[in-house]
Structure formats: structure tokens, C-alpha cells
Amino acid sequence: GAVVSQHPSRVICKSGTSVKIECRSLDFQATTMFWYRQFPKQSLMLMATSNEGSKATYEQGVEKDKFLINHASLTLSTLTVTSAHPEDSSFYICSARDLRYNTDTQYFGPGTRLTVL
Amino acid sequence: GEDVEQSLFLSVREGDSSVINCTYTDSSSTYLYWYKQEPGAGLQLLTYIFSNMDMKQDQRLTVLLNKKDKHLSLRIADTQTGDSAIYFCAESILNGNKLVFGAGTILRVKS
């Protein structure tokens, strides 16, 4: 398999502040990473596709100015939740696309629990 | 549009086999995946199957794919309490640029 890390694992912030979440592929390079959001007892909702060296592609209904994505290297993508509000509280999970060994798989990070007070 | 459906809950006794079923809609999917999620954690890739395969076995896990019926199943042999988790089926679409997930099946293993 492959290892993807996320940092921080848990963050609590006040309403109006911005929060940055990092996603790293530790043992492989990923030109494409994905950001998902998961509500309690629900499936994953894709927010955006992060492409190294280019702009992210956002899913319909996801505000790109609210959720800033930067994919500056082949092993790091960041998601910044700007001016966070309580409704942004959620579990954010990233994944990295692994195209080695003639396969196409996504490996997921452990997730970041965001709580906005 | 794309849709993946799974049964929501399965309860088995320790030592029995578990079978989790999934149906998908996109016939052009090249890969189909099974992920496991434990409480408060990310998704762990359990196994995947390429669309031109009918079956894949990996230790206690057996994946069956019926491409005609767009039906995927995951069999866990000798289910253990540590297998209790949510299992997500996912299909890749758009040449692998997107995964579509099912709602997840909660597997409860009773000792």
C-alpha cells in the first residue's frame, strides 16, 4: 500500500478564523490529490480535485474562495478553510492518487476533524 | 448520473462469513474498490478489482464482480470482531479522475 498523512488531526477554532489542513503522500508522488468532506453517518462528498502545478477543480456547489486549495509539490496539497463558520464543522479527508505498478488507486489520509465555535 | 448503492447494515457472528453487496451504474468504470472505515479514522483501501476480472482473492477477502449486472460483492471469511467497521464500495469514473462512493455498509460482528 501507500501512506498518506494529514495534519492536524483535530482542530477547534473560533468563527471567522482560517484553518489550513495539510495532506502529504509519504512514500510516493501524487500529481493528483482529492479533498472530501464527510458528515456524521454519511458517505464521502468530493469537494475538489487538486492538481500539482495547476488550479484545483471544484465540484458543483463548493465555493472555491471559501475552500482554497494549493498543490505546490508532488507530495503536498493544502486545504484552507477561510473565515470558518460553525456550518463548516466537519470531517475533512484527503486522498492521493497512486498510478504506480500499472494500477490506479486512491489512498486516504486519516482525516481532520474541524470544529468551529 | 453515477450511483453506487449498498445495503446499510449487516450483522454476523464471529467466525462466520460476511458478504457485503454493491451495485453501480457506470459501465465504463475501470476499477472498483472496497474501503474500510473505523470510527474517527480515514478510509483504508482493502482491495480493488479491475473491470475485466470476475474474481479476486486476497487472504480472507474475496471480491466478485458481475459486470453484466453491475454487481460487486465483498466476502470476508472467518469474520473477526476487528472487522467491525463501515465498508464503502466505490467505482472510478472519468478515467479514474473521480471516485463515486456508496453510502457505506455498517458491519457489526457479534462475539
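Residues numbered from 1 in each chain as written. Chains lettered and ligands numbered in written order. Predicted model: local features only at pLDDT ≥ 70, side-chain atom pairs only at ≥ 80, totals over all residues. Heavy atoms only, no water.

Quick word on the overall build of chain A
Secondary structure assignment for chain A yields zero helices and 11 strands. The linear arrangement of helices and strands in chain A, starting from the amino end, is β-β-β-β-β-β-β-β-β-β-β. Since a compact globule built from 117 residues should have a radius of gyration of about 13 Å, the 14 Å found for chain A is in line with a globular shape. The dimensions of chain A, computed from C-alpha atoms along their principal axes, are 45 × 30 × 20 Å. When each of the 117 residues of chain A is scored for burial, the buried share is 52%. Looking at chain A alone, contacts between residues at least 24 apart form 55% of all its contacts between residues at least 6 apart. A total of about 5800 Å² of accessible surface is found on chain A, and carbon and sulfur atoms cover 51% of it. Averaged over its 12 positive side-chain charges, chain A has a centre that lies 6 Å from the centre of its 10 negative ones. (Helix = DSSP H or I, 4+ residues; strand = E, 2+ residues; numbered from the N terminus. Rg over C-alpha atoms; globule rule 2.2 N^0.38 Å. Buried < 20%, exposed > 50% of the residue type's maximum accessible area, 1.4 Å probe, protein only. Contact = heavy atoms within 4.5 Å. Areas by Shrake-Rupley, 256 points an atom, 1.4 Å probe, with all protein chains shown as cover. Lys, Arg positive; Asp, Glu negative; His and termini not counted. Charge placed at Lys NZ, Arg CZ, Asp CG, Glu CD.)

A few points about the environment of I12(A)
Residues and elements named next belong to chain A. Within the fold, I12 resides in strand β2 (residues 10-13). When the C-alpha positions of I12 and A84 are compared, they lie 11 Å apart, and in sequence the two are 72 residues distant. Here I12 is in contact with T115 and L117, once residues within four sequence places are set aside.

With respect to the state of the cysteines
Structurally, a disulfide amounts to a covalent bond that connects the sulfur atoms of two cysteines. Residue and element names in this part refer to chain A. Taken as a whole and judged by the stated rule, the model has two disulfides over all chains. Bridging C23 to C94, the disulfide has an S-S length of 2.0 Å. Between C23 and C94, the disulfide has an S-S torsion of 80° and is therefore right-handed. Pair noted here: C23 is in strand β3 (residues 19-25) and C94 is in strand β9 (residues 90-98), with a separation of 71 residues, a long-range link. Assigned by exposure class, C23 and C94 land together as buried. (Disulfide = S-S within 2.5 Å.)

Re the interface of chain A and chain B
At the interface, 21 residues of chain A touch 19 residues of chain B. Roughly 1500 Å² of surface becomes buried between chain A and chain B when both sides are summed, with 53% attributable to carbon and sulfur atoms. The interface formed by chain A and chain B holds one salt bridge in total. Between K98(B) and E59(A) there is a salt bridge; the shortest N-O distance is 2.9 Å. Elements represented by at least two residues in the side of chain A that touches chain B include exactly β4 (32-38), β5 (44-51), β9 and β10 (105-108) of chain A. Per element, the largest residue contribution to the side of chain A that touches chain B is four residues, and it comes from β10(A). Taken together, the residues of the side of chain A that touches chain B sort by class into nine nonpolar, nine polar and three charged. (Buried area = accessible area lost by both parts, 1.4 Å probe. Salt bridge = Lys/Arg side-chain N within 4 Å of Asp/Glu carboxyl O. Nonpolar A, V, L, I, M, F, W, Y, C, P; charged D, E, K, R; others polar.)

A look at the nonpolar core
Membership of the largest hydrophobic core comes to 42 residues, with the highest contact counts inside it found for Y36(A), L44(A), F108(A), L114(A), Y35(B), L43(B) and F101(B). In terms of residues, this core owes the most to one element, β9(A), which gives five residues. What F108(A) contacts, discounting residues up to four positions off in sequence, is V4(A), Y36(A), L44(A), I93(A), C94(A), S95(A), Y35(B), L43(B) and F101(B). Among the nonpolar cores identified, the runner-up in size contains 22 residues, and V12(B), L61(B), Y87(B) and V109(B) belong to it. (Core = buried A, V, L, I, M, F, W, Y, C linked by side-chain atoms within 4.5 Å.)

Some thoughts on the environment of T112(A)
All names here are of chain A. Checked against the element boundaries, T112 lands in strand β11 (residues 112-116). Given a relative accessible area of 0%, T112 falls into the buried group. Between the C-alpha atoms of T112 and W35, which are 77 residues apart in sequence, the distance is 11 Å. Here T112 is in contact with Q6, P8, S9, V11, I21, S90, F91 and Y92, once residues within four sequence places are set aside. In terms of polar contacts, T112 uses its side chain to reach the side chain of Q6, at 3.0 Å. (Polar contact = N/O pair within 3.5 Å; in protein donor to acceptor, adjacent residues only side chain to side chain.)

A few points about the sheet that holds strand β1 (residues 4-6) of chain B
Residues and elements named next belong to chain B. Spatially, the five strands line up as an open sheet ordered β1-β3-β8-β7-β6, and their pairing is antiparallel. Each of the sheet's edge strands pairs with one partner strand only, and the pair in question is β1 and β6 (55-58). Ignoring which end each strand starts from, the neighbouring axes of this sheet average 15° apart. Strand direction decides the pairing type here: β6 and strand β7 (residues 61-66), joined by four bridges, are antiparallel. Considered in β7, the bridge of Q57 is made with T62. (Pairing = 2+ DSSP bridges. Axes fitted to C-alpha atoms, helices over the stretch in contact; angles between N-to-C directions.)

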